[in-house]
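Coordinate analysis (summary)
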Amino acid sequence: MLEIRDLHAAVNGKAILKGLDLTVNPGEVHAIMGPNGSGKSTLANVLAGRDNYEITGGQAILDGHDLAELEPEERAQAGLFLAFQYPVEIPGVSNMEFLKAALEAVRKAQGKEEWDSVTLLRKAREACKQVNLDAQFLKRGVNEGFSGGEKKRNEIMQMLLMEPRLALLDETDSGLDIDALQTVARGVNSLRSPERGIVLVTHYQRLLDYIVPDHVHVLSDGRIIKSGGKELALELEQKGYGWLTGEEESA
Amino acid sequence: MSLPSKQQGLELKTLAVENARRSEAGDALTPLRGDSLNALEAAVFPDRKTEQWKYTSLHPLTDGHLRTAADGALPEPLPNLAAHRLVMSNGRLQENLSQLPEGVTLHRRAGQRDELLTPFALYNGAALTDAITLEVAANTEVSAPLHLLLHAASDTPAHCQTRVEVLLNPGSKLTLIEHYIGQGPVLNNAVTVIEARDNASLTHYRLQSEREDTLHISTLLFRQTGVSRIDSYQLMGGNRLRRNDVRALLEKSGAELNMQGVFVARGQSHIDNQLCVEHRVPHCTSNQVFKGLAGEKGKAILNGRIHIHEGAMGTLAELSNKNLLLSPGAEIYTKPELEIYNDDVKCAHGATVGQLDAAQQFYLQSRGIALAEAKRMLSLGFVNELILALPDESVARWVQPWLAGELSQYPGANEEAA
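Under an unreviewed UniProt entry, the name given to chain A is ABC transporter ATP-binding protein, and the source organism is Alcanivorax xiamenensis.

What follows covers the nonpolar core. Counting 113 residues, the largest nonpolar core has Ile4, Met157 and Leu169 of chain A together with Leu403 of chain B as the members making the most contacts within it. Dropping the residues within four chain positions of it, Leu169 of chain A is found in contact with Ala83, Ile156, Met159, Val188, Ile198, Val199, Leu200 and Val201 of chain A.

Take the sheet that holds strand β9 (residues 201-208) of chain B next. Residue and element names in this part refer to chain B. A sheet is described by the order of its strands in space; here 10 strands give the open sequence β2-β1-β5-β7-β9-β11-β13-β15-β17-β19, paired in mixed fashion. Strands at the two margins of the open sheet, each flanked by one partner only, are β2 (92-93) and β19 (345-355). Where strand β1 (residues 84-89) lies against β2, two bridges are found, and the strand directions are antiparallel. Counterpart to Ser89 in the pairing with β2 is Arg92. The strands touched by helix α5 (residues 371-388) within the sheet are β11 (229-236), β13 (256-265), β15 (285-294) and β17 (315-325), with β15 carrying the most contacts at an inclination of about 160°.

Here we take up unusual backbone geometry. Look at the link from Glu76 of chain B to Pro77 of chain B: it is a cis peptide, with omega at -10°. Among the structural elements, Pro77 of chain B can be located in the loop between α2 (30-42) and β1. With a phi close to 45°, Asp63 of chain A is a non-glycine residue in the positive phi region. As for its placement among the helices and strands, Asp63 of chain A is situated in the loop between β4 (53-62) and β5 (65-66).

Between chain A and chain B, the residue contacts involve 31 residues of the former and 16 residues of the latter. For the pairing of chain A and chain B, the buried interface totals around 1800 Å² over both sides, and the portion due to carbon and sulfur atoms is 66%. Inspection of the chain A/chain B interface yields one salt bridge. The tally of links from chain A across to chain B stands at 11 residue pairs in polar contact (both at pLDDT 80 or more). Sorting the residues of the side of chain A that touches chain B by element identifies α1 (40-48), α2 (72-77), β6 (80-83), β7 (90-94), α3 (95-109) and α5 (148-162) of chain A as the ones contributing at least two each. Per element, the largest residue contribution to the side of chain A that touches chain B is six residues, and it comes from α3 of chain A.

Under the definition given, this model contains nine aromatic pairs over all chains. Through a chain of ring-to-ring contacts, three or more aromatic side chains come together here, namely Phe84 and Phe98 of chain A together with Phe362 and Tyr363 of chain B. Geometry around Phe382 of chain B places Lys291 of chain B over its ring, the cationic atom sitting 4.7 Å from the centre. The positively charged end of Arg367 of chain B is found above the aromatic ring belonging to Tyr363 of chain B, 5.0 Å away from the centroid.

What counts, and at which threshold
Residues numbered from 1 in each chain as written. Chains lettered and ligands numbered in written order. Predicted model: local features only at pLDDT ≥ 70, side-chain atom pairs only at ≥ 80, totals over all residues. Heavy atoms only, no water. Core = buried A, V, L, I, M, F, W, Y, C linked by side-chain atoms within 4.5 Å. Buried < 20%, exposed > 50% of the residue type's maximum accessible area, 1.4 Å probe, protein only. Contact = heavy atoms within 4.5 Å. Pairing = 2+ DSSP bridges. Helix = DSSP H or I, 4+ residues; strand = E, 2+ residues; numbered from the N terminus. Axes fitted to C-alpha atoms, helices over the stretch in contact; angles between N-to-C directions. Buried area = accessible area lost by both parts, 1.4 Å probe. Salt bridge = Lys/Arg side-chain N within 4 Å of Asp/Glu carboxyl O. Polar contact = N/O pair within 3.5 Å; in protein donor to acceptor, adjacent residues only side chain to side chain. Phe/Tyr/Trp six-rings, centres within 6.5 Å; stacked < 30°, edge-to-face > 60°. Lys NZ or Arg CZ within 6 Å of the ring centre and 35° of its normal.

Here you go:
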């Protein structure tokens, strides 16, 4: 469903991705690991279509759509969902109003039945419950004054409602305590399905104890330098990224 | 604009004086007309060199013939925001469409002259065709809001004078919705004077939702001659020219004034707000929060003057004006202006002009929301705290869809012309 071929990308003119290949089939969970600065977050942002993240070569195809040709909202409508590493705060726009606009746009584009406001509210409350987020958060401004963990759970809550074809999670584990990590992992695992692909971008192996991947890839200097099964993550945890990149990792 | 500005001022004055002479009639307004005309003849109309008018050209006012507007066609149905409504059309009270709530009396006169010395306020007084004074009886709480619908319409270029005075007697309480509507090339030159005496309390809305082909110049004067409280909510849409001179005089210790406002200048709109709050006596409080948006070729101005007189110790005065530019061609000018003549005051002010946040736009887009809709949501979010603070449900219900319309993508706008 996601086919990335020889992808080159630049951020503000600086080359970051330098020939990345990745294939995600329906039902698979992939983990992309790698040291700081290897291009993990760039990959997530390029796929989602953030400004100043420019594809300079190669292709990323989602279910036959060339992502480079789609606006960010069209990518979402095509079934792509990015759980942000740093979700932005939007005071004045309530979470509920935001979800309504998002779900209306996406469900309409996907030819799904529209949810009336009663259904939407019920579904949103269920999704909140699933990630341990008080339903009061629906009334607040989007991420406004949320703690780091609440923001991440808000991302997963949205993901549960959007039912994406391909979910990209950008360092969703960062800044989470162990309880929140398990909550988030449960949310993600509940979305695992034969029709859906999930890509976890993460720095640490910790998340993968709870969301067990089918494939693990190591990204270094804009390329995938090694791929393997879930045991690759454990090996990396023991040996450090220096084992593959040939450099001492300072962090 | 193109005409030499000094000539414009002279031309406008000549026309205003002629027009005022034509409106002479023997009625209760005659003394006010006469006094105002005398003062108008000595007055100097502003030009672009006048500091308070540097962003606003008078050119649109002299564009076409200056005639007092005849009766204008009222829209059907009339907006209905409250149980009781008074309608003025082209400056004339429409008795058949008006009902007064209990506790309020109406007189067909106007008496305020002091403090109304600007050329446009004088022109209003000199060329009046009608005027109303509303008086709220002492110790009376008017339970339902009063909707004052001030309409101006003409198919040909015209001017009309709208005059409303409101007196809140001691211990009275009123919610007043001062609502301007209209269409066509008509200038509504309006004067509103509101006096609050001891223990009076006013919730005041000022809704300016005329169509975009209209012109509006108004003078709003609050006089807090008693220990009183005024909460004023001012919402302004765009038109060819909108100029609001708002002056508040805090004249008795303990008076409190809160003003909040939102202005939206889209398309070719021009909105100029000149605010002046005068603390004339000790221990009064004023708090002002205004938010502005300008898009396409829209232009918005806010000058917020706070004048704290000598001896007005213990004054608390705040002014905040945050603005959002929605397009590269839009303009916003904001300036707090403080004049403080004693040491014992607490005075805070802040003004900012920013743009929509790219990260917020991307976040909304990444959830499937189209860019134009994302911009509308963020614009609405920018002013939402003020809208949520509107105390009357019936007003909020009217304001929300109206504002959403004002903030929607402007038809024909070239959004991407960066």
